[in-house]
Amino acid sequence: MTRTAIAGKTRADFDLHLHLRKYGTIYAFAALVVLNMLLNRNFASMGTLWNLTIQVLPTMLTSLGMVLVISSGGIDISVGSVMAISAVMSGMVLTGKFPAVGTGVGTAVVLALAAALVLGLFNGALVAFFQIQPIIVTLILFIAGRGVAQLMNAGGTIVFYNNSFTDIGLYRVGGVVPVQLFVSLFFVLLIAFLLKKTTFGYYVQGIGENPKASRLSGVRTTGVLLSIYVVSALLAGLAGVFECSRASCADPNSIGVLAELDAIAAVAIGGTSMSGGKARVIGTIFGALIIQLVSIMVNMNNIPFAYSRIFKAAIIIVAVYLQREKRS
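Each chain carries its own residue numbering, running from 1 in the direction its sequence is written. Given that this is a predicted model, residues contribute local features only at a pLDDT of at least 70 and side-chain atom pairs are listed and counted only at 80 or more, while totals for whole chains, interfaces and linings are drawn from all residues. Excluded from the side-chain calculations are hydrogens and water; all other atoms, namely the structure's heavy atoms, are used.

So, about the overall build of the chain. Under the scheme used here, helices are H or I runs from DSSP no shorter than 4 residues and strands are E runs no shorter than 2 residues, and both carry numbers assigned from the N terminus. Helix and strand counts for the chain come out as 13 helices and 4 strands. Radius of gyration: over C-alpha atoms. The globule rule applied is 2.2 Å multiplied by the number of residues raised to the 0.38 power. For a compact globule of 328 residues, the expected C-alpha radius of gyration is about 20 Å, and the chain comes in at 21 Å, within 12% of that figure. Once the C-alpha set of the chain is aligned to its principal axes, its extents read approximately 80 × 60 × 35 Å. Looking at the chain residue by residue over its 328 residues, the buried ones come to 48%. Here a residue-residue contact requires only that any non-hydrogen atoms of the pair lie within 4.5 Å. Summarising the internal contacts of the chain: among those between residues at least 6 apart in sequence, 77% fall at separations of at least 24. For the area figures, the Shrake-Rupley method with a 1.4 Å probe applies, and any residue is considered shielded solely by the protein chains shown. Accessible surface for the chain amounts to roughly 15900 Å². Of this, 67% is attributable to carbon and sulfur atoms. The rule is simple: take the accessible area with a 1.4 Å probe, protein chains only, and divide by the maximum for that residue type; under 20% is buried, over 50% is exposed, in between is partly exposed.

To continue, consider the pattern of salt bridges. By salt bridge we mean one thing: a side-chain nitrogen of Lys or Arg within 4 Å of a carboxyl oxygen of Asp or Glu. This structure, assessed with the given rule, holds 2 salt bridges. Arginine 246 is paired through a salt bridge with glutamate 243; the nearest N and O atoms lie 3.8 Å apart. In this pair, arginine 246 and glutamate 243 are both assigned in helix α10 (residues 221–247), 3 residues apart and thus about one turn of the helix distant. Here lysine 312 ties to aspartate 262 by a salt bridge, and the two come within 3.4 Å at their closest N and O atoms.

All axes are obtained by fitting lines to C-alpha atoms, using only the stretch in contact for helices, and the reported angles, taken between N-to-C directions, cover 0 to 180 degrees. It is at 8 Å that the axes of helix α3 (residues 79–94) and helix α4 (residues 105–128) come closest, and there the two elements cross at 150 degrees. Relative to α4, the element α3 is oriented roughly antiparallel. Viewed along their axes, α3 and α4 form a crossing whose handedness is right-handed. Note on element contacts: α4 touches α3 through Val105, Thr107, Ala108, Leu111, Ala112, Ala115, Ala116 and Leu119, opposite Val82, Ile85, Ser86, Met89, Ser90, Val93 and Leu94. In this classification, Asp, Glu, Lys and Arg are treated as charged, Ala, Val, Leu, Ile, Met, Phe, Trp, Tyr, Cys and Pro as nonpolar, and every other residue, Gly included, as polar. A class-by-class count of the residues in the contact of α3 with α4 yields 12 nonpolar, 3 polar and no charged. Oblique is the label for any angle not under 35 degrees, not over 145, and not in the 65 to 115 range, which are roughly parallel, roughly antiparallel and roughly perpendicular in turn. Should the near helix be turned counterclockwise from the far one by less than a right angle, the crossing is left-handed, whereas a clockwise turn marks it as right-handed.

On to unusual backbone geometry. Notably, alanine 154 is not glycine yet its phi reads approximately 55 degrees, a positive angle. Take alanine 154: its relative accessible area is 75%, and that puts it in the exposed class. Look at leucine 258: it is not a glycine, yet its phi comes out positive at around 65 degrees. Mapped onto the secondary structure, leucine 258 falls in the loop between β4 (249–250) and α11 (259–270). Taking the relative accessible area as the measure of exposure, leucine 258 reaches 30% and is therefore partly exposed.

This paragraph deals with the packing of aromatic side chains. How two aromatic rings sit relative to each other is set out by the distance from centre to centre and by the angle between their planes. Put simply, two rings from Phe, Tyr or Trp (the six-membered ring, in Trp's case) pair if the centres are within 6.5 Å, and we call them stacked under 30 degrees between planes, edge-to-face over 60, tilted for the rest. As enumerated under the stated definition, the model contains 4 aromatic pairs in all. Summarising the aromatic geometry, the rings of phenylalanine 186 and phenylalanine 187 are spaced 5.0 Å apart at their centres and angled 85 degrees between planes, so their arrangement reads as edge-to-face.

This brings us to α10. For α10, spanning 27 residues, the distance from its first C-alpha to its last is 39 Å, which sits close to the expected 39 Å at 1.5 Å a residue. Immediately beyond the C-terminal end of α10, within one or two residues, lies serine 248, with a positive phi of roughly 60 degrees. How far a helix is expected to stretch is found by multiplying one less than its residue total by 1.5 Å.

The subject of this paragraph is the side chain of threonine 166. Position of threonine 166 among the secondary structure elements: in helix α6 (residues 164–170). Look at threonine 166 and you get buried, because its relative accessible area is 5%. Leave out the neighbours within four places in its chain, and threonine 166 touches Phe160, Ser245 and Ser248.

This part covers the environment of methionine 297. The residue methionine 297 is located in helix α12 (residues 281–300) in this model. Under the relative-accessibility criterion, methionine 297 is labelled buried at 7%. Apart from the residues within four sequence positions on either side, methionine 297 is in contact with Leu32, Leu35, Asn36, Leu39 and Phe311.

This part covers the nonpolar core. Nine residue types can take part in a nonpolar core, namely buried Ala, Val, Leu, Ile, Met, Phe, Trp, Tyr and Cys, and a core is a set of them joined through side-chain atoms within 4.5 Å. By size, the foremost hydrophobic cluster in this structure holds 85 residues, and its most contacted members are Met60, Leu64, Leu195, Ile228 and Leu289. A per-element tally of this core places α10 first, with 12 residues. Look past the residues within four positions of isoleucine 228 in its chain and what remains in contact with it is Leu68, Val69, Ser72, Phe200 and Val204.

In this section: a nonpolar patch on the surface. Residues Phe122, Phe129, Phe130, Ile132, Ile135, Ile136 and Ile140 make up a contiguous nonpolar surface patch of roughly 650 Å² in combined accessible area. No other element matches the 3 residues that helix α5 (residues 134–152) contributes to the nonpolar patch. Patch members must show over 30% relative accessible area and no salt bridge, and they are joined within 9 Å when carrying like charges or within 5 Å when they are nonpolar side chains of Val, Leu, Ile, Met, Phe, Trp or Tyr.

So, on to helix α7 (residues 179–197). Between its first and last C-alpha atoms α7 spans 27 Å; for 19 residues at 1.5 Å apiece the expected length is 27 Å, and the two agree. Those residues of α7 that sit buried are Val179, Gln180, Val183, Ser184, Phe187, Val188, Ile191 and Leu195. Along the axis of α7, the buried residues cluster in a sector spanning 165 degrees; they form a single face. Pointing more than 90 degrees away from the buried face of α7 are the exposed residues Leu189 and Lys197. Here the arc refers to the directions that run from the helix axis out to each C-beta atom.

In structure tokens form, the structure reads like this:
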């Protein structure tokens with residue numbers, strides 16, 4: 001074999017590897033769709049599509065926040081607890097637990113997001129100003145936040161029916177398309193714009209690549225890090241609002257449980273390096289869809305739900321292997 005042929009073969013191998021790193025998540029999603037169509041004839045329907053759109057929203061929102069955090073070199077394992085606190089806050093307002101502010105839907109949403117904002121500031125301040133490791137900071141809120149959510153209503157589930165708040169999670173545009181689709185699209189475009197077209201996005205990824213170099217180049221890393229954790233918490237809070245609105249109840253014991261793991265899995269499957277750096281928004285979107293599609297698959301085929309966790313773990317292993325940096 002000539003030197004030219006060897007070089008050509010090496011080049012072809014490199015291109016294939018690069019192609020899989022960029023588009024492997026999309027291929028995996030397509031393969032999972034085909035598998036579901038073969039396993040269940042009822043899968044290929046508009047009902048399944050809308051169901052996926054509705055159910056994936058919490059994972060989509062928390063994953064979009066997580067991709068910011070991870071690309072900055074951090075981690076946020078508190079998003080599930082933030083979801084729970086925001087959901088319970090909205091439920092308490094709706095059921096008159098805070099008479100001074102009324103029971104309006106707008107007030108419930110605003111106070112839920114305000115609670116998420118405070119929690120995001122807590123995480124961001126400890127990471128940015130006190131330079132405590134993100135895993136430790138968010139672990140604190142992961143543990144304590146769930147307890148706070150349970151104590152807010154003495155561990156009980158807050159139930160609310162027949163009000164306009166429940167319409168938020170059940171509303172369909174034109175009576176057909178779930179509003180969750182438009183919410184997902186809006187925030188996907190927003191986060192993609194922030195990461196790809198703004199100075200803030202370059203700073204986020206620059207901090208993930210080399211935080212010291214970013215500081216030396218004049219980047220106000222504390223402000224950027226604070227903003228990252230605030231955005232992550234706000235998206236988690238919004239996910240909690242939609243989740244409890246759709247369910248017509250706020251259960252502090254179940255809302256957001258394992259949400260942080262699904263979000264991290266979606267980002268990992270999507271190809272964003274877990275050590276920080278370049279964010280892959282499109283990959284994260286398909287990662288979130290894959291995570292939710294696995295859950296739908298086990299439900300539609302009467303497979304014990306515990307298997308979905310095993311399937312997700314297997315997908316993560318394959319995705320991380322295919323998207324690894326190729327050694328020279």
